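Secondary and tertiary structure notes
Now for the letters of each chain:
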Amino acid sequence: MYKFVFFISILSFYTLIGNAQKQPQKLNSNLNLYSTSLMNFYNDVIKVKIAEENTSTQFNGSPYVNDRFSKGSLVTKDSLLYSGLLLRYNNYKDIMEFQKNNTAFEISHQFPLLQIMFDGKIYERFTYQDSNELTTGFFLQLFKGNFSLYSKEKIVLKSGRPAKGYQTRTLPTFQKTSIQLYIKDSNDKLTRINNKKDLLNLFPLNRNKVSEFIKSNHLKTNNQSDLIKILDYCNNLKI
C-alpha cells in the first residue's frame, strides 16, 4: 500500500507562458515532476504530512475504479506541461495522484491545473454544485465545444456493521455509483443532466428546435453517445 502525501500549500512558480484558460499554448515538454531539481524545489516550498494508511483489512473494495498508475501528463493554467508522469484518479476522494519512488502524491486542488491526460482520457477540474454545496473535483471530458459534455464516476464508502448476536462483523465497503453526466456551457457553468428538462433548460431560445431534434432522431438524454449528438447539433445553433 502506498503512503499518501498531502500537498498543503503550493507556491507560485515559473513565469507565465501565455493565457491558457481556454487552450494551452507553447507547451514545454522538458519539465518532469521526477527531476531532482524540481523535486528539491517542491520539498523546499511545500509542507507535507503523511496520512494514515488504509489497508485492505479495513475495507472491502477499492477507492479507485482503476488503481493502476498509467503514464500520462498534465498541463497547468500557466501552459506548463509535465510529461512522463505515472498518474491515477482516486474516485472516492475525487483527487489525482502521481507516483514517485513507490509513494503516491496527491495533487492539491490549489495546484494551478488545467487538465490531466492518461489512458487516452482527458480530465479537467471544476468547482461545482454538489448536494447544495460547492465542491471541487475532476470530470472526464467526453465532448468539447461551446457546450461540452463531461462524466463523473464516484465511489462512496458504505458503513460496515459491528458483530452483534449471531450477526458477524461486516467491513465498510467502497461502492461505485451510477455515472453522472454534466454539460458545461460557454460561461463555464456546469449543469448535471438528470433528464430531458435539464438539457432543454440550457437552450431557452432554441428549446423547441432541440426538443424536435431529440424526438425525430430517437435520442435519449441519459445516453453519452446520444448527448454528444445533441450537443454537436446545439453547438451549431445561434444562441
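For clarity, every value in this text was computed on a predicted model and none was experimentally measured. (Residues numbered from 1 in each chain as written. Predicted model: local features only at pLDDT ≥ 70, side-chain atom pairs only at ≥ 80, totals over all residues. Heavy atoms only, no water.)

**Overview of the overall build of the protein**
Rules: Only runs of H or I of at least four residues qualify as helices and only runs of E of at least two qualify as strands under DSSP, and these elements are numbered from the N terminus. A simple rule labels every residue: compare its accessible area, found with a 1.4 Å probe on the protein chains alone, to the largest value its type can have, and call it buried under 20%, exposed over 50%, or partly exposed in between. The protein chains shown are the only cover counted for residues, whose accessible areas, like all others here, come from Shrake-Rupley with a 1.4 Å probe.
When you go through the protein residue by residue, the secondary structure sums to four helices and 13 strands. Residues counted as buried form 42% of the 239 residues belonging to the protein. For the protein, the accessible area works out to roughly 14000 Å², and carbon and sulfur atoms hold 48% of it.

**Some points on a positive patch on the surface**
The following threshold applies: Grouping into patches uses exposed residues only, defined as over 30% relative accessible area, and leaves out salt-bridged ones; the cut-off is 9 Å for like charges and 5 Å for nonpolar side chains (Val, Leu, Ile, Met, Phe, Trp, Tyr). Every case where a carboxyl oxygen of Asp or Glu lies within 4 Å of a side-chain nitrogen of Lys or Arg is listed as a salt bridge. Counting rule applied: Lys, Arg positive; Asp, Glu negative; His and chain ends not counted. In this description, the location of a charge corresponds to atom NZ of lysine, CZ of arginine, CG of aspartate or CD of glutamate.
A surface patch of like charges, here positive, comprises Lys196, Lys197, Arg207 and Lys215. When residues of the positive patch are traced back to their parent elements, those giving at least two are helix H2 (196-200) and helix H3 (207-216). Positionally, Lys196 belongs in helix H2.

**What about helix H4 (residues 224-234)?**
What counts is decided by this rule: Directions from the helix axis toward the C-beta atoms define the arc. It only takes one pair of heavy atoms within 4.5 Å for two residues to be counted as in contact. Under the rule applied, a polar contact is a pair of N or O atoms within 3.5 Å (in protein, one hydrogen donor and one hydrogen acceptor; residues adjacent in sequence only if both atoms are side-chain atoms).
Looking at H4, one finds that the buried residues are Asp226, Leu227, Ile230, Leu231 and Cys234. Each buried residue of H4 sits inside an arc of 135 degrees when the element is viewed along its axis, so together they form one side. On its buried face, H4 is in contact with strand S8 (133-143), strand S9 (148-152), strand S12 (180-184), H2 and H3. Measuring from the side-chain oxygen of the N-cap residue of H4 to the backbone nitrogen of Ser225 gives 3.0 Å; that N-cap residue is Asn223.

**Some thoughts on the packing of aromatic side chains**
Under the convention used in this document: What counts as a ring pair is set by centres within 6.5 Å for rings of Phe, Tyr and Trp (its six-membered ring), and what kind of pair is set by the plane angle: stacked under 30 degrees, edge-to-face over 60, tilted for all other angles. Lysine NZ or arginine CZ positioned within 6 Å of the ring centre and within 35 degrees of the ring normal marks a charge as sitting over the ring.
Per the counting criterion, the structure on display carries 13 aromatic pairs. Ring geometry for Phe126 versus Tyr150: centroids 5.2 Å apart, planes at 80 degrees, classification edge-to-face. Of this pair, Phe126 sits in strand S7 (residues 121-130) while Tyr150 sits in strand S9; the two residues are 24 residues apart in sequence, bridging distant segments of the chain. Owing to a relative accessible area of 0%, Tyr150 belongs among the buried residues under this scheme. Measuring from centroid to centroid gives 4.9 Å for Tyr128 and Phe139, while their planes differ by 85 degrees, and the two rings are edge-to-face. Separated by eleven residues along the polypeptide, Tyr128 in strand S7 and Phe139 in strand S8 bring together distant segments of the chain. Taken as a pair, Tyr128 and Phe139 share a single burial class, namely buried. A connected cluster of aromatic rings, assembled from ring pairs, spans Phe126, Tyr128, Phe139, Tyr150 and Tyr182. A cation over a ring is seen here: Lys152 above Phe139, with NZ or CZ 4.5 Å from the ring centre.

**Some points on the pairing of strand S5 (residues 103-106)**
Side-chain direction in a regular strand flips from residue to residue, so the side chains alternate between the two faces of the sheet. Rule in force here: For two strands to count as paired, DSSP must find a minimum of two bridges between them.
Side chains Thr103 and Phe105 project from S5 onto one buried face, and the interleaved Ala104 and Glu106 project onto a second face that is buried too. Across four bridges, strand S4 (residues 95-100) lies against S5 in antiparallel orientation. Paired with Lys100 across the bridge in S5 is Thr103.

**Side note on the pairing of S12**
Counting buried residues along S12, five of its five residues qualify, which places the element largely inside the surrounding structure. Side chains Gln180, Tyr182 and Lys184 project from S12 onto one buried face, and the interleaved Leu181 and Ile183 project onto a second face that is buried too. Sheet topology places S9 next to S12; five bridges connect them, and they run antiparallel. Within the sheet, the bridge partner assigned to Leu149 lies in S12 and is Ile183. Summarising the sheet, S12 and strand S13 (residues 190-192) pair through three bridges and their orientation is antiparallel. Its bridge partner lying in S13, Ile183 is registered against Thr191.

Read these as layout, nothing more, since geometry by itself doesn't imply function.
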